[in-house]
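A look at the structure
Each chain, letter by letter, is given below.
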Amino acid sequence: MNTPKLVLGIETSCDDTSLCLMRGETGSYKTRPTILSHRSFSQDDILKKWKGVVPEIAARAHLDKIPILIDIVFSETKISPEDIDLIGVTTHPGLLGPLLTGINLAKTLGMIFKKPIVSVNHLFAHLEAIHIDQEITYPYIGLIVSGGHSLYMKVSSPKDFEVLGSTIDDAAGEAFDKGGKLMGLDYPSGPMIDKMAKDGDPLKYEFPIGLKDSKDCRLSYSGVKTSLRTFHEKNQFKIDSQEILDQCASYQHAIVSALKLKMKYAIGDSKLPIVVGGGVACNSYLRSIFKESFKDVHFVTPKFCTDNGAMIANYALRTEDEAIAYPDHMDMDAKGRFINKKDFK
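Below or above, wherever it landed, is the structure these notes cover. Everything quoted here is computed from the prediction, not taken from an experiment.

Section: the sheet that holds strand E10 (residues 297–299)
The sheet built from five strands is open, its strands ordered E8-E7-E6-E9-E10 with mixed pairing. Of all the strands in the sheet, the pair left with one neighbour each is strand E8 (160–166) and E10. If you compare each strand with its neighbour and ignore which way they point, the axes differ by 25° on average. The pairing of strand E9 (residues 274–277) with E10 spans three bridges and is parallel. Paired with valine 275 across the strands is histidine 298, a residue of E10.

What to know about helix H10 (residues 309–318)
Judged by how many residues are buried, H10 sits mostly within the fold: 10 of 10 residues are covered. Those residues of H10 not exposed but buried are Gly309, Ala310, Met311, Ile312, Ala313, Asn314, Tyr315, Ala316, Leu317 and Arg318. Where H10 begins, one side-chain oxygen reaches toward the backbone nitrogen of alanine 310, 3.2 Å away; that side chain belongs to asparagine 308.

Structural notes on the packing of aromatic side chains
Summed over the entire model, instances satisfying the criterion amount to 11 aromatic pairs. Here phenylalanine 207 and tyrosine 251 contribute two aromatic rings whose centre-to-centre distance is 6.0 Å and whose plane-to-plane angle is 85°, an arrangement assigned as edge-to-face. Pair noted here: phenylalanine 207 is in the loop between helix H6 (189–197) and helix H7 (222–234) and tyrosine 251 is in helix H8 (residues 242–267), with a separation of 44 residues, a long-range link. We classify tyrosine 251 as buried; its relative accessible area is 0%. One aromatic cluster in this structure is built from Tyr205, Phe207, Phe231, Phe237 and Tyr251. One cation-aromatic arrangement involves lysine 65 over phenylalanine 41; the distance from NZ or CZ to the ring centre is 4.5 Å.

Some words on the sheet that holds strand E4 (residues 86–92)
Spatially, E3-E2-E1-E4-E5 is the arrangement adopted by the five strands of the open sheet, whose pairing is mixed. Two strands bound the open sheet, and with one partner strand each, they are strand E3 (34–42) and strand E5 (117–121). Averaged over all neighbouring strand pairs, the angle between strand axes comes to 20°, with direction disregarded. In the packing of helix H2 (residues 55–77) onto the sheet, contacts are made with strand E1 (5–11), strand E2 (16–24) and E3, and the angle to E2 comes to roughly 25°.

Things to note about the pattern of salt bridges
On inspection of all chains with the given rule, the structure shows 11 salt bridges. One salt bridge connects lysine 5 with glutamate 320, and the closest N-O pair in it is separated by 2.7 Å. Taken together, the residues span a long stretch of sequence, with lysine 5 in strand E1 and glutamate 320 in the segment after H10 at a distance of 315 residues. A salt bridge links arginine 218 to aspartate 216; the nearest nitrogen and oxygen atoms lie 2.9 Å apart. When its relative accessible area of 24% is taken as the criterion, aspartate 216 is described as partly exposed. Residues joined in a network through salt bridges with shared partners are Asp170, Glu174, Lys178 and Lys225.

What to know about a nonpolar patch on the surface
A grouping of Met111, Ile112 and Tyr326 is seen on the molecular surface, where their side chains present a nonpolar patch of about 260 Å² in accessible area. Among the secondary structure elements, methionine 111 is positioned in helix H3 (residues 96–113).

Some remarks on the packing of H2 against H3
Here H2 crosses H3 at 30°, and the two axes come no closer than 8 Å. Between H2 and H3, the angle falls in the class roughly parallel. For the crossing formed where H2 meets H3, the hand is right-handed. Here Pro55, Ala58, Ala59, His62, Leu63, Ile66 and Ile70 of H2 come into contact with H3, specifically with Gly97, Pro98, Thr101, Gly102, Leu105 and Leu109.

Some thoughts on the packing of helix H5 (residues 172–182) against H8
Axis separation between H5 and H8 bottoms out at 10 Å; the angle between their running directions is 165°. Judged by the inter-axis angle, H5 sits roughly antiparallel to H8. As H5 packs across H8, the resulting crossing turns out to be right-handed. Along its contact with H5, which presents Ala172, Ala175, Phe176 and Gly179, the element H8 presents Tyr251, Gln252 and Ile255. Split into classes, the residues belonging to the contact of H5 with H8 amount to five nonpolar, two polar and no charged.

The rules behind these values
- Chains are numbered independently. Their residues run from 1 in the order of the written sequence.
- Residue-level local features of this predicted model are given only where pLDDT is at least 70; pairs of side-chain atoms are given and counted only at 80 or more, and the full residue set underlies all totals for whole chains, interfaces and linings.
- As a convention, hydrogens and water are excluded, and side-chain values are obtained from all of the structure's heavy atoms.
- One requirement defines pairing of two strands: DSSP has to find at least two bridges between them.
- Secondary structure elements follow DSSP: runs of H or I of four or more residues count as helices, runs of E of two or more count as strands, with numbering from the N terminus.
- Here the axes come from fitting lines to C-alpha atoms, over the contacting stretch only for helices, and the angles between their N-to-C directions go from 0 to 180 degrees.
- Using a 1.4 Å probe on the protein chains alone, a residue whose accessible area is under 20% of its type maximum counts as buried, one over 50% counts as exposed, and one in between counts as partly exposed.
- Polar contact criterion, stated in full: a pair of N or O atoms within 3.5 Å, where within protein one must be able to donate a hydrogen and the other to accept it, and residues adjacent in sequence count only if both atoms are side-chain atoms.
- What counts as a ring pair is set by centres within 6.5 Å for rings of Phe, Tyr and Trp (its six-membered ring), and what kind of pair is set by the plane angle: stacked under 30 degrees, edge-to-face over 60, tilted for all other angles.
- We count a charge as sitting over a ring when the NZ of a lysine or the CZ of an arginine lies within 6 Å of the ring centre and within 35 degrees of the ring normal.
- What makes two residues a contact is simply this: any of their non-hydrogen atoms within 4.5 Å.
- We count a salt bridge whenever a side-chain nitrogen from Lys or Arg sits within 4 Å of a carboxyl oxygen from Asp or Glu.
- Patch rule: a residue counts if its relative accessible area is over 30% and it has no salt bridge; like charges are joined within 9 Å, and nonpolar side chains (Val, Leu, Ile, Met, Phe, Trp, Tyr) within 5 Å.
- Using a 1.4 Å probe, the Shrake-Rupley method yields the accessible areas, and only the shown protein chains count as cover for residues.
- Angles are sorted into four bins: roughly parallel if under 35 degrees, roughly antiparallel if over 145, roughly perpendicular if 65 to 115, and oblique for all others.
- A crossing counts as left-handed when the near helix is turned anticlockwise from the far one by less than a right angle, and as right-handed when that turn is clockwise.
- Three categories are distinguished: nonpolar for Ala, Val, Leu, Ile, Met, Phe, Trp, Tyr, Cys and Pro, charged for Asp, Glu, Lys and Arg, and polar for the others, with Gly belonging to the last.

This is the structure we're talking about:
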């Protein structure tokens, strides 16, 4: 057993500002880490007006909230920044303005207190968040479903990720939010569709599954979104009608059915455990369908599914040997992309 370390996790890749102080072993630990403080601020209420993320507004909101959150996490734990051993910060992928806000905080603390920083790919962190409160063995098949990404991966260690397939256009979360916007729902639409679909018939209307016959784990959601637009233009249902509930349920069924179908190609005959993470992993229908369809499937705990500081702190602990010391970490920069979706077409 190695000596537990104190890490600060910083997440600002999109529209959630989140900081976490965590103590735990480093590497592929056997014991679960301890969360000392985990504070977040969501911009959902701010962004409802635009029904989506506006990068400049998101970056400014991060600037406003970070000083408040950093004060809270250290004051409520009675820990000083000089006491931390390590800083983990999301550097990619994401929106450049928001990413730089978190990176600059990490660099400032790293410079003042001479602390090492781990550059975190927050997609990897989404899957590895399973280890915060669950025990999963390697290798496993990971599915990341979020607003910007839908990816299948084979994960053999905290640092060994093989991309098996990706969406070639929209992500599952985008399909939910853009579909909800077409139906006149508030932003973010994913949770609203999930809730409304519970009272609807998922087989009432038929929406297509993109790349259904490709026999691989590539996804496409542009077609189902277009199909919904065409359907909605021909059928103007009232927002409080049974028909709109059926429409939500049927649209959600198509999105989830695609994820289920492509998981069969991702896992093949391997019988490896499955880990599902990312914001869309909170969806109750996705959880139900996957648990019915696959034997060894594990979902990241909902509070660790959306972008959050705990998953960043956790991943920094698991990859502590890749930390960059001061002053070298002052060259750390943001990167918008992880993969190019066009490579999977």
